[in-house]
Structures are given as C-alpha cells and as structure tokens.
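# Results of the structural survey
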Amino acid sequence: MTMEFEELQKIWDSQYSKPMYALDEKALHNRIMSKQKSTHHIMNTSELLTILVNLGAGSLVLAINLVDQNRNVFMYGMAAWMLCTGFYVWVSRLRRIKDAQQFDLSMRGDLRHAISMATYQVRFSQLMRWNILPIGAFILLALVFGGKPIWLAVVIFVLFGLAYYASRWEHGIYVSRRRELELLKGKLEEEK
C-alpha cells in the first residue's frame, strides 16, 4: 500500500511539477492578440473620425466663407489646414494598412505588429494633440479680426486649453499601452 502511494505521488509530481516561471504561450499569444485587436479598433475609429471631421468641417468652413459677404482670411486658412490634415491622415492610414502586411504570423510577429500599431497610435495622438494649436489659433484670429466680442475669444481659448489638456491625458494612455507591449517584448527576448 505504501508503494502504491509513493508511485502515485511520483506520477502526480512528474505531471504537475511545471516550473513556476514557465510561460503559457497560448495565454500570452491571446493577450497579445487582444491588445492588437484593441489598438487596431481604436486606430481605425480615430483615423476615420479625424478624416471625416477634418474634411467635412474644412469643406463646410470653406463653403460658408465663400458665400459670406464678410470673408475672413483666417477662416480660409483654417479650412485649408483642416483639408490638408484630413488628406494627410487618409494617406497615413493607407500607408499603415499597407505596412501591416509585412509582419509574420507568429507570436513574435504579432507582438511586433502590436508594437508597431501602438507606436503609430502614439504618434497619431501626438500629432492630433498638436493639431489643436493651429486650429485654435485660426479660430481666435478669425474672432478677433472679425469684430467678435473679446469674451467669446477668451471662452474659445479656455475650451481649446481644456481640449489640449484632455488630449494629454489620452496620449498618456497610449504611451503606457505601448510601454507595456515593449516590456513584454523584452521579457520574451530574455526567454530566448
């Protein structure tokens, strides 16, 4: 009876004595794919909204300014800036989609792809954050030189300041997501 118990214990120990530091590759790959899918969804939404808003608003501002008797050069500048921004994001999106095909279909390839998308997301977020400044400047200049009340310019300035601050918070989220993926890549390379 003692012999059977010892044999059972050896079999049990040999089957379930995995080292505690071993990687569960399937769970890790699922985590990488989840982060990649999340980043991809956010990027698609951000890019499409940016393209639609900039092209739509730029066209609308241009059309209104062309019809309006009191033409404002700063509104023409803002319309041109927004149209250029929309086209730039559109071209960047096409380039990003094309570049996504260069990654191999493995866990490490998926991780490199996720890091690439996260890096693009950080750059895109930073670019759109800085884009607030020229649009805000065009609006403020159009208000001031268009004879609008100064309190309106102050309110707009405060609103753009809040938008810039909120974009800083959002940008920080994207930076931390990218950092997490880079740390994961570092751990995987240590395991090699």
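Above: the structure in question.
Here goes a summary of the coordinates provided. From a predicted model like this one, the values you see are computed outputs, not experimental measurements.

## Brief notes about helix α4 (residues 107-145)
Over its 39 residues, α4 runs 57 Å from end to end, which matches the ideal 57 Å to within 8%, given 1.5 Å per residue. Once α4 finishes, glycine 147 follows within two positions and takes phi at roughly 80°, a positive value.

## Looking at the environment of alanine 57
With respect to the helices and strands, the residue alanine 57 is situated in helix α2 (residues 25-67). Looking at alanine 57, the relative accessible area reads 24%, which means it is partly exposed. Once the C-alpha coordinates of alanine 57 and leucine 83 are considered, the two residues, 26 residues apart in sequence, prove to be 8.3 Å apart. Excluding anything up to four places from it in sequence, alanine 57 contacts Leu52 and Met82.

## Concerning the nonpolar core
In this structure, Leu28, Ile32, Met107, Leu111, Ala114, Ile115, Ala118, Leu181, Leu184 and Leu188 together form the largest nonpolar core, which totals 10 residues. Looking at this core element by element, the count peaks at five residues for α4. With sequence-adjacent residues up to four places away left out, methionine 107 is seen in contact with Glu25, Leu28, His29, Ile32 and Leu188. Ranked by size, the runner-up nonpolar core spans six residues in total, among them Met43, Ile51, Val89 and Met128.

## A word on the pattern of salt bridges
The final tally for this structure, using the stated rule, is four salt bridges. The salt bridge involving glutamate 180 is made with lysine 35; its shortest N-O contact spans 2.8 Å. In this pair, glutamate 180 is assigned in helix α5 (residues 150-191) and lysine 35 in helix α2, connecting sequence segments 145 residues apart. For glutamate 180, a relative accessible area of 36% puts it in the partly exposed group. For lysine 35, a relative accessible area of 17% puts it in the buried group. Between arginine 96 and glutamate 47 there is a salt bridge, with the nearest N and O atoms lying 2.7 Å from each other. Note that arginine 96 is positioned in helix α3 (residues 73-99) and glutamate 47 in helix α2, a separation of 49 residues in sequence. Summarising the burial analysis for this pair, arginine 96 and glutamate 47 share the class buried.

Cut-offs applied
Residues numbered from 1 in each chain as written. Predicted model: local features only at pLDDT ≥ 70, side-chain atom pairs only at ≥ 80, totals over all residues. Heavy atoms only, no water. Helix = DSSP H or I, 4+ residues; strand = E, 2+ residues; numbered from the N terminus. Expected span 1.5 Å × (residues − 1). Buried < 20%, exposed > 50% of the residue type's maximum accessible area, 1.4 Å probe, protein only. Contact = heavy atoms within 4.5 Å. Core = buried A, V, L, I, M, F, W, Y, C linked by side-chain atoms within 4.5 Å. Salt bridge = Lys/Arg side-chain N within 4 Å of Asp/Glu carboxyl O.

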